[in-house]
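Observations on the model geometry
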Amino acid sequence: MDEQALLGLNPNADADFRQRALAYFEQLKISQDAWQVCAEALAQRIYSDDHIKFFCFQVIEHQIKFKYSELTEVQQQLIRETLVTWLQAQMLNPQPEKTFIRNKAAQVFALLFVTEYLTKWPKFFFDILSVVDLNPQGVDLYLRILMAVDAELVDRDVVHTSEEARRNTLLKDTMREQCIPSLVESWYQILQNYQYTNAELTCQCLEVVGAYVSWIDLSLIANERFINMLLSHMSVEVLREEACDCLFEIVNKGMDPIDKTKLVESLCQVLQSAGLFSIDQEDDVDFLARFSKLVNGMGQALITSWTKLVKNGDMKSAQDTLQAIEAKVSLMLQLLIHEDDDISSNIIGFCYDYLHILKQLSLLSDQQKANVEAIMLAVMKKLTYDEEYNFEHEGEDEAMFVEYRKQLKLLLDRLAQVSPELLLASVRRVFNTTLQNWQATRFMEIEVAIRLLYMLAEALPVSHGAHFSGDISKASALQDMMRTLVTSGVSAYQHTSVTLEFFETVVRYEKFFTVEPQHIPNVLMAFLDHRGLRHTSPKVRSRTAYLFSRFVKSLNKQMNPFIEDVLNRIQDLLELSPPENGYQALLSSDDQLFIYETAGVLIVNSEYSAERKQILMRNLLTPLMEKFKMQLEKLMMAQDEDRQMALADCLNHAVGFASRTSKAFSNKQTVKQCGCSEVYLDCLQTFLPALSCPLQKEVIRSGVRTFLHRMIICLEEEVLPFIPSASEYMLKDCEAKDLQEFIPLINQITAKFKRDLRTQVSPFLQQMFMPLLHAIFEVLLHPAEENDQSAALEKQMLRRSYFAFLQTVTGSGMSEVIANQDAENVERVLFTIIQGAVDYPDPIAQKTCFIILSKLVELWGGKDGPVGFADFVYKHIVPACFLAPLKQTFDLADAQTVLGPECIHYLQQEYLPSLQVAPEIIQEFCQALQQSDAKVFKNYLKVFFQRAKP
């Protein structure tokens, strides 16, 4: 071996040596006999360096995985012997190999197993067992090999081909017949031999039993001697976690419902008598988390049995099973309420399914009602934040608690289905008690009280948020709680979690304010002052900006008395922050979007006259336009690239803000009614000159393009005069992404002004059709680097956008835009469509191209079509319909063909013979083509293409 290259295997080697080692590895993989050198090195223990041993296993692994069939019988035998020799040597090693080498060796053994067990090495496990016997180092490797074999056969995270899946099924079937009873016996012997002397090996063996139990005969494990041993392990501290997991896998195994109930009950009796059903908060939490998972598995197994028994009509056994379930509820509650969230989280599945049973029962017993209430109290307690939760810097622990809360919310929703009255009464009690004395209460208790009120909105669903009508008792309870929330002064509580929960709840129950509008001013003030948009926490300010926008939009009819006051109070929040002033704005530009949208909604939905609305909208937008002009001038002179970028972002924000104010309008009519057309036209005239700026083109174009999209909706035809010059700038020096984003704008105009085709759109499209196409062709023809995946993807997306544009033009009745171009350009366009249909392996583009061709045949296929088009149909369109489906990449289940009976002669006499299609298939095809039933022909086409494929 190349000793210098092997030095690079050491993790501390420098980059050059590591590079050399990688190259050497690639070289050995290709080499015909390098694996033999590695096999000899392992068998003869030539190297002591761990990384070289690992390297040798990797080379052999590659040989088995990818080139095994190329080896002779003698060479295959050599690999088997090498592995067995290496295994024998491990029995004599004073120290075991490092874990990573043992794991890699186990993987190589497992690979050889799946390759040879069915043919060359049926005694695989017996040979390994005869070598390892009960030697601890040997047993360790044997168990690792078993886990690696299980991973190869049943690991659901590995995607297997159908061929591999078939092979794995056959391997498992053969193992069940030939060796599983012997393997199970070996596990029993290992457990018996090492349970008191070697905890690590015992735990490994329990893991193997747990893994295999899912696909072997359960009676081999679920029997007295095995179960008694596993249960005895539950009392041994170092073994009980693995024993728990092993019992969980046994309980999880599918079986007859009555047998399952008996198995679970017998396990429970022993566990209970061992004192495991009395949960102590001080117990080892790692064990309790596993134990909770086991109890959850047992509970869910019993519920599955109950469901099956009810379905089968065996009500006597179902009742027995239900009693068994009820007997576990006390234990379930102890685990659910445990202060450790992992322990609690593991039992939620059982809890949820138990409530589902209660939901199906017509009448609940007193005990069952008590259980529901106990679960409810547990959920309320467990929803509460603890002191350690870090609200300013939320990390992994905080994210896990948020996920845990989501699980608890599902439980709360299920509780509401079982007993909505009880849930409402419980929440009301907790809420009122907490808010009566909120000044002296800890933040987490206030937060959870408001949170519970918030959660009721989904737990007690109504249509369109109508919580305050219909059921009188429910409506009045929610109304009382909302009134308490907004009048108690709790919005002033000094903790971000309480503040946020207050605003979230106010917005969730916005319909309350239509019933009691007198509370709107106080809530608006909370939004606008230091409690909301001016809070010290950026997180609160940001979320409040969004919630304020929602609050105003949903209550726009009630807002009229407060509009001017609100607009004055948010004035400073609308400031466009130029990059040079160094002032830290209260809101980010994303948050400001919501404030601008809110301002637009207030103005547009007000009861003011059109003149007043126009003045207010102009007051809102004029500062933006003025700042925009100033910043654009600065950008044109800026030298430093960072400064250019900051100024371009500022310009983009200004355009975005103006665009966002227009969301209050649904169409041109509303803009006109408000007298706001003129101010938006002024915005257009202010923003469009920025397109000629040569700096930071991508950022500026993106903003202006979005604004134009909005203005097409709001100003309709008034925007058209601006489009040609805007398009001219946007098509200059553009890249694939620019074009891809520009084409939807043209498509929008084309679709929007269908009714004014002749007068409005056709001349505009005529004028810019070829400049746009030239820009597209230039980008598509620009050579990209061979391995540049992102450039290839951008070109593919641009190609799709181009064909979508042609589809819009032909589908909107404007095919003359293409026809009126000069002949050379028309031909070029048509050939790109044929190319898209046949040459590019992109089914989305192909489909679009066939739709375009179909439309063109429909529009131009008659006598009035452009000169030479009929010829083009026969020479190019018809062949495309055959060439595309004959490609290996074409999906025949989605074939789009464009053929008509007038083609029959041409197909029969000229085209199909030129493709070397057999005469009998041609005859059969032409007969099928004349069928009146299109569906029959379509089905035949699939058969035809399958038979005609080379």
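Residues numbered from 1 in each chain as written. Predicted model: local features only at pLDDT ≥ 70, side-chain atom pairs only at ≥ 80, totals over all residues. Heavy atoms only, no water.

1. Some points on the overall build of the chain
The line we're drawing: Per the convention used, a helix needs a DSSP run of H or I reaching at least four residues, while a strand needs a run of E reaching at least two, with both numbered from the N terminus. Between buried and exposed lies partly exposed: a residue is buried under 20% and exposed over 50% of the maximum accessible area for its type, with that area taken using a 1.4 Å probe on protein chains only. Contacts are assigned to residue pairs that have any heavy atoms within 4.5 Å of one another. Per-residue and other accessible areas follow the Shrake-Rupley method at a 1.4 Å probe size, with only the shown protein chains counted as cover for residues. Only four residue types enter the charge count: Lys and Arg as positive, Asp and Glu as negative, with His and the chain ends excluded. Note on charges: their place is set at NZ of Lys, CZ of Arg, CG of Asp or CD of Glu.
Helix and strand counts for the chain come out as 46 helices and zero strands. Seen along its three principal axes, the alpha-carbon backbone of the chain occupies a region of about 90 × 90 × 70 Å. Burial status across the chain gives 51% buried among its 950 residues. Pairs at least 24 apart in sequence give 72% of the contacts found in the chain among residues at least 6 apart. About 44300 Å² of surface is accessible on the chain, with carbon and sulfur atoms providing 51% of the total. The average position of the 90 basic charges and that of the 124 acidic charges among the side chains of the chain differ by 6 Å.

2. Digging into the pattern of salt bridges
This is how it is decided: What counts as a salt bridge is simple: a side-chain nitrogen of Lys or Arg found within 4 Å of a carboxyl oxygen of Asp or Glu.
Counted by the stated rule, this structure contains 48 salt bridges. One salt bridge in this structure joins Lys737 and Glu741, with 3.3 Å as the shortest N-O distance. Linking Lys737 with Glu741, this pair stays in helix α37 (residues 736-752), spanning four residues, or about one helical turn. Within the structure, one salt-bridge network assembled from shared partners comprises Asp50, Lys53, Glu97 and Lys98.

3. Some remarks on the environment of Met814
Relative to the assigned elements, Met814 resides in the loop between α39 (789-811) and α40 (816-819). Along the backbone, Met814 and Met711 are 103 residues apart, and their C-alpha atoms lie at a distance of 23 Å.

4. Digging into the UniProt feature "domain: Exportin-1/Importin-beta-like" (unreviewed entry) in the chain
How we decide: UniProt positions are given in the numbering used here, feature names are shortened, and annotations may be inferred rather than shown by experiment.
Taking the UniProt record as the reference, the feature "domain: Exportin-1/Importin-beta-like" (unreviewed entry) is found at residues 99-247. Between the first and last C-alpha atoms of residues 99-247 the distance is 27 Å; the span itself is 74% helix and 0% strand.

5. A look at the layout of surface pockets
Threshold: The distinction between a cavity and a pocket rests on a 1 Å grid over the protein atoms alone: a 1.4 Å probe fits inside a cavity but cannot get out, while a pocket stays open yet meets protein on both sides within 12 Å along at least five of seven lines, and a residue with an atom within 4 Å of a point counts as lining. Grid points are joined across faces, edges and corners, and a volume is the space filled by probe spheres set on the points. For this classification, Asp, Glu, Lys and Arg are treated as charged, while Ala, Val, Leu, Ile, Met, Phe, Trp, Tyr, Cys and Pro are nonpolar and the rest, including Gly, are polar.
Here the largest pocket defines a volume of roughly 810 Å³. Lining the largest pocket are 28 residues, with Asp341, Thr384, Tyr385, Asp386 and Phe401 sitting closest to its centre. Secondary-structure elements contributing two or more residues to the lining of the largest pocket are α18 (341-346), α20 (366-382), α21 (396-418) and α23 (443-459). Among the elements that take part in the lining of the largest pocket, α21 stands out by supplying seven residues, more than any other. Among the residues making up the lining of the largest pocket, the classes are represented as 11 nonpolar, three polar and 14 charged.

6. Structural notes on the packing of helix α9 (residues 162-178) against helix α10 (residues 180-194)
Angle between the axes and distance between the axes: these two values describe a pair of packed helices. Rules: Note on geometry: axes are C-alpha line fits, over the in-contact stretch for helices, and angles between N-to-C directions span 0 to 180 degrees. Between 65 and 115 degrees an angle is taken as roughly perpendicular, under 35 as roughly parallel, over 145 as roughly antiparallel, and anywhere else as oblique.
Relative orientation of the contacting elements α9 and α10 amounts to 70°, with a least axis distance of 5 Å. Here α10 runs roughly perpendicular to α9, going by the angle between their axes. Across the interface between the two elements, Met175, Arg176 and Gln178 from α9 touch Ile180, Pro181 and Leu183 from α10. Class assignment for the residues of the contact of α9 with α10 results in four nonpolar, one polar and one charged.

7. So, helix α34 (residues 677-687)
Extensive coverage of α34 is indicated by the burial of eight of its 11 residues. All buried positions along α34 are accounted for by Ser677, Val679, Tyr680, Leu681, Cys683, Leu684, Thr686 and Phe687. Against α31 (610-637), α32 (641-661), α33 (668-673) and α35 (697-715) lie the buried residues of α34.

8. Details of the packing of aromatic side chains
Note the following rule: Stacked, tilted and edge-to-face pairs are distinguished by plane angle, under 30 degrees for stacked and over 60 for edge-to-face with tilted covering the rest, among Phe, Tyr and Trp rings (Trp via its six-membered ring) whose centres lie within 6.5 Å.
Under the definition given, this model contains 41 aromatic pairs. Note on Tyr389 and Phe391: the rings are 4.6 Å apart at their centroids and 50° apart in plane angle, and the pair reads as tilted. For Tyr389, a relative accessible area of 9% puts it in the buried group. The class for Phe391 is buried, based on a relative accessible area of 9%.

9. Some words on a negative patch on the surface
To keep it simple, the criterion reads: A patch is a set of surface residues, each over 30% in relative accessible area and not in a salt bridge, joined within 9 Å for like charges and within 5 Å for the nonpolar side chains Val, Leu, Ile, Met, Phe, Trp and Tyr.
Judged by side-chain charge, Glu735, Glu785, Asp788 and Glu794 come together as a negatively charged surface patch. If you trace the backbone, Glu785 turns up in the loop between α38 (757-781) and α39.

10. Considering the side chain of Gln696
One can find Gln696 in the loop between α34 and α35. Taking the relative accessible area as the measure of exposure, Gln696 reaches 17% and is therefore buried. Leave out the neighbours within four places in its chain, and Gln696 touches Glu641, Gln644, Met645 and Ala648.

11. What about unusual backbone geometry?
The phi dihedral of Arg45 is positive, around 50°, even though this residue is not glycine. Assignment of secondary structure puts Arg45 in the loop between α3 (34-43) and α4 (50-67). Note on Arg45: relative accessible area 48%, which makes it partly exposed. Phi is positive for Asp733, which is not a glycine, with a value near 45°. With respect to the element layout, Asp733 can be found in the loop between α36 (723-730) and α37. Note on Asp733: relative accessible area 63%, which makes it exposed.

12. A few points about the nonpolar core
Most often, soluble globular proteins have nonpolar side chains that are buried together. As a reminder, the rule being used: Each nonpolar core is a collection of buried residues, namely Ala, Val, Leu, Ile, Met, Phe, Trp, Tyr and Cys, held together in the definition by side-chain atoms within 4.5 Å.
Within the largest apolar cluster, 310 residues are counted, with the highest numbers of intra-cluster contacts made by Met175, Trp187, Tyr212, Phe291 and Tyr680. At 13 residues, the largest contribution of residues to this core is made by α38. When sequence neighbours within four positions are dropped, the list of residues in contact with Phe291 reads Met234, Cys244, Leu276, Phe277, Ile279 and Leu331. With eight residues, the next largest nonpolar core counts Ile922, Ala928, Tyr940 and Phe944 among its residues.

13. So, the side chain of Asp50
To be explicit about the condition: Each polar contact in these results corresponds to two N or O atoms within 3.5 Å; when the atoms are within protein, one needs to be able to donate a hydrogen and the other to accept it, and residues that are neighboring in sequence are counted only if both atoms are side-chain atoms.
Residue position: Asp50 is located in helix α4. A polar side-chain atom of Asp50 sits 2.8 Å from a polar atom in the side chain of Lys98. Not counting the four nearest positions on each side in its chain, Asp50 is found in contact with Glu97, Lys98, Phe100 and Ile101.

14. A look at the environment of Ser266
If you trace the backbone, Ser266 turns up in helix α14 (residues 257-273). When the C-alpha atoms of Ser266 and Glu716 are compared, they prove to be 76 Å apart, with 450 residues separating the residues in sequence. Within polar-contact distance, the side chain of Ser266 engages the backbone oxygen of Leu263 at 2.7 Å.

15. What about the state of the cysteines?
As used here, a disulfide is simply a covalent bond connecting the sulfur atoms of two cysteines. Counted only if it meets this: Two cysteine sulfurs form a disulfide in these notes if their separation is within 2.5 Å.
Considering all chains together, one arrives at zero disulfides under this definition. The structure places no disulfide on Cys203, whose sulfur is separated from the nearest cysteine sulfur, that of Cys205, by 10 Å. Judged by relative accessible area, Cys203 falls into the buried class, the value being 15%. Not part of a disulfide, Cys351 finds its nearest cysteine sulfur in Cys268, a span of 16 Å.

16. Observations concerning the environment of Ser317
With respect to the helices, strands and loops of the structure, Ser317 is situated in helix α16 (residues 315-327). When its relative accessible area of 15% is taken as the criterion, Ser317 is described as buried. Setting aside residues no more than four positions away along its own chain, Ser317 makes contact with Ile258 and Leu309.

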